Amino acid sequence: MDKPTNKSTLPIRILLVEDNDAHTKLILRAMQEDRLANPVDCVRDGEEALDYLFRRGAFEDPSASPRPDMILLDLKLPKIDGLEVLKTIKEDEKLRDIPVVVLTSSTDARDVSMAYRHYVNSYISKPVDFDKFRQVVQELDYYWTIFNTKPDHKTHRVK
Amino acid sequence: MSWREAFRSRSPLSRRLIVWTVLFSSAITLVLTLFQLYRDYRLDVSVIESHLAQIEKVHLPTIAESLWATDQSRLQLQLEGILQLGDMHFIELREGDYVWARAGWLESTSVIRRQIPVSYVHEGRRQILGTLTVVATLDGVYRHLLNRAVTILVSNAIKTFLVALFMLLIFHRLVTRHLRRIGDWLARQEGDGPPPLTLDKTTSKPGGDEIDALADTLNKFRDGQAQALVTAATKQQRYASLFDNANDMIYIVEPGSGRILDANRRASEETGYTHNELLGMTVKQLGPPEAEPEAEAAMRQLGEAGSAVFERTHRRKDGALIHAEVSSRVIDVEGRKVIESFVRDITERKQSEEERARLFQALELRNREMESFVYTISHDLKSPLITINGFAQLLAKDLERNDKERGRESIEEIRKAAEGMQQLIEDLLLLSRTGQVQGEPEDVDLHALLGDVQARCASHIERERATIRVVSQLPRLHVDRLRFSQVLQNLLDNGVKFHREGLDPVLEIGAERTNGEARLYVRDNGIGIEKRYQEKIFGLFERLDTGREGTGVGLTIARRIVEQHGGRLWVESEPGRGSTFWLSIPDSVIVDDSAGKAARDIRTLR
């Protein structure tokens, strides 16, 4: 395990929890457009997300489930919904440090307040406007890479 | 009864009036008579005195002359002449012891005796010659007085008698007979009472006399009394009428024991007990044993406050329970305290209240469902728009760069999103239609219906190399054909769609009867569903695997249709082994005619 020379220059790793394939593609394309070279792991429902984070089921192998630096979480998810996933993450000793950004098309005030009640780090409505959407992703990346020191997670890194 | 007795016993007032009148009149008469007699006596005596004075004045000088002349015979004549005067009884002329003359005789004891000296004037000298003794008897006076007394007394007695008789008559006419009439009339006041009192008399002046006033007062009293009687009777009658015809049950109950003293007709009708049966019961026995605490609490409140309104359960004779609203109060009936209870059957009201509460609850549920429905729709409709918008912008960039590859990809994403959205909207329409009544229910042969559905899904079945097997006789159902076929199609589609990798789907369709309930089932050998998601899959837009086609509306629609037919739809499943979708069918929609042999079969299945 080599020591990273400069933490801040390393692009943060993102876990994207999104059931809508088109949206996933859109997010990935947006990142490409802005030359954001963040590694992104994608899961399609709440159950998969938790399996990934807790290394269960299909994600038992740690190499298949590197610890993300940030979680982009959709609220409306199959099987286990986003709020439940958020709650589980924030209740877990090891996972609660990972910033979670709720990213959803819902603008319902109740969703917002529920998300904040479960200690969401940020809440962003999926903008219908593509540029804004891209901007959000970009800002998130900058935010964590420039102003924050990433937690040391190199052991989870896939080389 | 003799007149006297009648007079005495029936007219004591008249008798006493007469007695007192006679006594008083007699006393007055007596006094007046005595006075009169005394005056007469004095008058008679004064007449005698005047005679004596006349003798002295007229006769004495001649007697003195005759004596002087000593003419004895003349003297005798003269004395006898004097004796002729009224009431003279005896006269004697004496000179010393010598009696010159004497007339009459001395018999009577009641006399007036007068001795008059006889003097004669001779040669200027007066000489006393003798004494003349004159005795006048009072016998005449007394006789006269007696006569007068008798006359006065007799006349007065007659007068008094006549007056008394007259008074009696008048008193009778004016007073006694009216009094008797009033008395008789009053004696008849019992019961309905006599007609108004009328007196057999003419009323002299306006307003009448005291008797009229009395009669008037009595009549007024009678009217009042009659009015009071009528009022009381009316009240009584009114109460009785209310009691008998009331729409509420009315019980008269003994405090303490709770014994039913009386109950109205309605009480018998409502409880099914006869009047006599009710009279042998206590109020506690009117309710089921478990309702006794409420009855006791009500009794306590009644004892403290004197009245109570409460609800309690009554049980009819046939065992049916009545929800009753009871309004009780303690009343005083002829000095005895009893409880009067009005009991109203509010079972229906209670039921409708409950029904209303149930509907309200259902409505609230529907509202919440609606809210979450709208929320879900807005989210799921927004999703493809985000996609379209996003890729449209990307497409613009692709065009700028002349990146045909990327451009085609973007267009494909846009097309898929639009397609997905169209499907979503169509499914939503379908879902909304299941909320409405569509076709009339008709007799549907499930075998035939299943054939239709299979034909419709033929390409899907073929593509997935699925086998559909009907493993038991299916019943004929009286249902909405189109919608029921929708249910079967959705279940079939699901069974084929969620097959296990590398395993051809096999679906079994059958019917059975479990716990007396007719059920259909669709069993597959697919991927199965985890226990915790088995209810979630029926939710709107809920998809466990978004990688597969579909909008997450199918099972929602299927369940709604089944529920509208009075059944239930649920799943039993084990991941990796397959799922069984169960459909309960209410007996009411199972056709049980001669053609519906299947229905009988399904009924006998255990």
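Residues numbered from 1 in each chain as written. Chains lettered and ligands numbered in written order. Predicted model: local features only at pLDDT ≥ 70, side-chain atom pairs only at ≥ 80, totals over all residues. Heavy atoms only, no water.

Participant: I'm lost on the overall build of chain B in this one. Help?
Facilitator: Helix and strand content of chain B: 15 helices and 16 strands. Within chain B, the fraction of its 606 residues that count as buried is 38%. The long-range fraction of contacts in chain B, counting pairs at least 24 apart against all pairs at least 6 apart in sequence, stands at 59%. Just so you have it, chain B exposes about 35600 Å², and 54% of that area is on carbon and sulfur atoms. (Helix = DSSP H or I, 4+ residues; strand = E, 2+ residues; numbered from the N terminus. Buried < 20%, exposed > 50% of the residue type's maximum accessible area, 1.4 Å probe, protein only. Contact = heavy atoms within 4.5 Å. Areas by Shrake-Rupley, 256 points an atom, 1.4 Å probe, with all protein chains shown as cover.)

Participant: What's the story with the interface of chain A and chain B in this structure? I'm lost.
Facilitator: When the parts of a complex come together, some accessible area is lost, and that lost area is often used as the size of the interface. Listed per partner, the contact involves 32 residues of chain A and 32 residues of chain B. Roughly 2700 Å² is buried in total at the junction of chain A and chain B, and carbon and sulfur atoms are behind 48% of that figure. Joining chain A to chain B, the criterion identifies 3 salt bridges. Of the charged contacts in the structure, one is a salt bridge between B:D398 and A:R29, with a shortest N-O distance of 2.9 Å. Remark: the boundary between chain A and chain B carries 9 residue pairs in polar contact (both at pLDDT 80 or more). (Buried area = accessible area lost by both parts, 1.4 Å probe. Salt bridge = Lys/Arg side-chain N within 4 Å of Asp/Glu carboxyl O. Polar contact = N/O pair within 3.5 Å; in protein donor to acceptor, adjacent residues only side chain to side chain.)

Participant: Before we go on, may I ask you to explain helix α8 (residues 292-305) of chain B in this structure?
Facilitator: Three- or four-residue spacings in an α-helix give side chains the same orientation, since the helix completes a turn every 3.6 residues. All names here are of chain B. With 14 residues, α8 extends 20 Å between its outermost C-alpha atoms, agreeing within 8% with the 20 Å of an ideal straight helix rising 1.5 Å per residue. By the burial criterion, the buried members of α8 are A295, A298 and L302. Down the axis of α8, the buried side of the element spans an arc of 60 degrees, and every buried residue falls inside it. Across from the buried face of α8, at angles greater than 90 degrees, the exposed residues are P293, R300, G303 and E304. Looking at the buried residues of α8, the elements they touch are β7 (307-315), β8 (321-333) and β9 (336-345). Just downstream of α8 lies G306, where phi reads positive at about 85 degrees. (Expected span 1.5 Å × (residues − 1). Arc of directions from axis to C-beta.)

Participant: I tried to follow the sheet that holds strand β13 (residues 506-514) of chain B on my own but got confused; where do I start?
Facilitator: The strands making up a sheet associate through backbone hydrogen bonding, with each pair oriented either parallel or antiparallel. All names here are of chain B. With mixed pairing, 5 strands are arranged side by side in an open sheet as β11-β13-β14-β16-β15. Here the strands that pair on one side only, and so sit at the sheet edges, are β11 (467-470) and β15 (568-574). For this sheet, the mean inter-axis angle between neighbouring strands, taken without regard to orientation, is 20 degrees. Bridge count between strand β14 (residues 517-523) and strand β16 (residues 578-585): 6 bridges; the pairing is antiparallel. Residue pairing in the sheet places V522 in a bridge with F581 of β16. Along the sheet, helix α14 (residues 554-564) contacts β15 and β16; its crossing angle with β15, the most-contacted strand, is approximately 135 degrees. (Pairing = 2+ DSSP bridges. Axes fitted to C-alpha atoms, helices over the stretch in contact; angles between N-to-C directions.)

Participant: Quick question: what am I supposed to make of the sheet that holds strand β3 (residues 111-122) of chain B here?
Facilitator: All names here are of chain B. Ordered by their spatial adjacency, 4 strands build an open sheet running β2-β1-β4-β3, and the pairing between neighbours is antiparallel. Edge positions in the open sheet fall to β2 (98-104) and β3, since each of these has one partner strand only. Pairs of neighbouring strands in the sheet enclose a mean axial angle of 20 degrees, with direction left out of account. Taken strand by strand, helix α2 (residues 12-68) contacts β1 (88-95), β2, β3 and β4 (125-137), and its axis lies near 30 degrees from that of β3.

Participant: Can you help me understand the nonpolar core in this one?
Facilitator: A general trend in soluble globular proteins is that nonpolar side chains are found buried together. One finds A:I71, A:L73, B:F484, B:L583 and B:I585 to be the most contacted residues of the largest nonpolar core, which totals 71 residues. Of the residues forming this core, the biggest block, 6 residues, is contributed by helix α13 (residues 481-497) of chain B. Discounting chain neighbours no more than four positions away, the residues touching B:I585 are B:L477, B:F484, B:A518, B:L520 and B:I590. The next biggest cluster of nonpolar side chains, apart from the first, holds 32 residues, and it includes B:I82, B:L85, B:M88 and B:L132. (Core = buried A, V, L, I, M, F, W, Y, C linked by side-chain atoms within 4.5 Å.)

Participant: Mind showing me how you'd approach the environment of B:W185 here?
Facilitator: Turning to its location among the elements, B:W185 is positioned in helix α4 (residues 139-187). Sequence spacing of B:W185 and B:P195 is 10 residues, and the spatial spacing of their C-alpha atoms is 9.0 Å.

Participant: What is the right way to read unusual backbone geometry from this model?
Facilitator: Leaving glycine out, the prevailing phi sign among residues is negative, and the prevailing peptide bond configuration is trans. We note that A:R55 has phi near 55 degrees; this positive angle belongs to a residue other than glycine. With respect to the helices and strands, the residue A:R55 is situated in the loop between α2 (46-54) and β3 (70-73). Unusually for a residue other than glycine, B:R465 sits at a positive phi of about 55 degrees. Along the polypeptide, B:R465 turns up in the loop between α12 (458-463) and β11. For B:R465, a relative accessible area of 59% puts it in the exposed group.

Participant: I'm lost on a nonpolar patch on the surface in this one. Help?
Facilitator: A cluster of nonpolar side chains, B:L146, B:V150, B:V154, B:I158, B:F161, B:L162 and B:L165, forms an exposed patch at the surface whose accessible area comes to about 670 Å². A relative accessible area of 45% means that B:V154 is categorised as partly exposed. (Patch = residues over 30% accessible without salt bridge, like charges linked within 9 Å, V, L, I, M, F, W, Y side chains within 5 Å.)

Participant: What's the story with the confidence of the model for chain A in this structure? I'm lost.
Facilitator: A low pLDDT means the predicted coordinates there should not be read in detail. All names here are of chain A. Looking at chain A, the pLDDT average stands at 75 and 69% of residues meet or exceed 70. For chain A, the element scoring lowest by mean pLDDT is helix α5 (residues 130-147), at 64; α2 scores highest, at 91. Low pLDDT, under 50, characterises residues 1-9; the predicted model gives this stretch 8 contacts beyond four residues in sequence or across chains. Counting contacts from residues 152-159, a segment whose pLDDT is below 50, to residues more than four positions away or on other chains yields 17 contacts. (pLDDT = per-residue confidence, 0-100.)

Participant: How do you make sense of the packing of aromatic side chains when you look at a structure like this?
Facilitator: Between two aromatic rings, the relevant description is the distance of the centres plus the angle of the planes. Residue and element names in this part refer to chain B. With the rule as written, the count across this model stands at 8 aromatic pairs over all chains. With centroids separated by 5.0 Å and ring planes inclined at 85 degrees, the aromatic side chains of Y98 and W100 adopt a geometry described as edge-to-face. In this structure Y98 comes out as partly exposed when scored by relative accessible area, which is 41%. Relative to W582, the ring of W570 lies with its centre 6.4 Å away and its plane at 20 degrees, an arrangement referred to as stacked. Of this pair, W570 sits in strand β15 while W582 sits in strand β16, placing them 12 residues apart in sequence. A residue is classified by how much of its surface remains accessible, and W570, at 15% relative accessible area, is buried. Given a relative accessible area of 6%, W582 falls into the buried group. Grouped by ring-pair contacts, the aromatic residues Y521, W570 and W582 constitute a single cluster. The ring centre of Y521 lies 4.5 Å from the NZ or CZ of R523, which sits over that ring. (Phe/Tyr/Trp six-rings, centres within 6.5 Å; stacked < 30°, edge-to-face > 60°. Lys NZ or Arg CZ within 6 Å of the ring centre and 35° of its normal.)

Participant: Would you mind going over the pairing of β15(B) with me for this structure?
Facilitator: Within a regular strand, side chains alternate between the sheet's two faces. Residue and element names in this part refer to chain B. By the bridge criterion, 7 bridges tie β15 to β16 in an arrangement that is antiparallel. Looking at β16, one finds that V571 is bridged to F581. The loop that links β15 with its antiparallel partner β16 comprises 3 residues; one of these, G576, has a positive phi angle of about 85 degrees.

Participant: Would you mind showing me how to read the environment of B:L138 here?
Facilitator: Residues and elements named next belong to chain B. Positionally, L138 belongs in the loop between β4 and α4. On the basis of relative accessibility, which here comes to 7%, the residue L138 falls in the buried class. The spacing of L138 and V111 is 27 residues in sequence and 5.4 Å in space, taken between C-alpha atoms. Not counting residues within four places of it along the chain, the set of residues in contact with L138 comprises Y41, V45, I48, S110, V111 and I112.

Participant: Explain the pattern of salt bridges to me, please; I cannot follow it from the model alone.
Facilitator: Residues and elements named next belong to chain B. With the rule as written, the count across this model stands at 40 salt bridges over all chains. Among the ionic pairs, E296 bridges to K284, the shortest N-O distance being 3.2 Å. Remark: K284 occurs in the loop between α7 (275-279) and α8 and E296 occurs in helix α8; sequence separation between them is 12 residues. For E296, a relative accessible area of 34% gives the class partly exposed. Given the relative accessible area of 36%, K284 is considered partly exposed. Between E535 and R559 there is a salt bridge, and its shortest N-O distance comes to 2.6 Å. Taken as a pair, E535 in the loop between β14 and α14 and R559 in helix α14 lie far apart in primary sequence, 24 residues in all.

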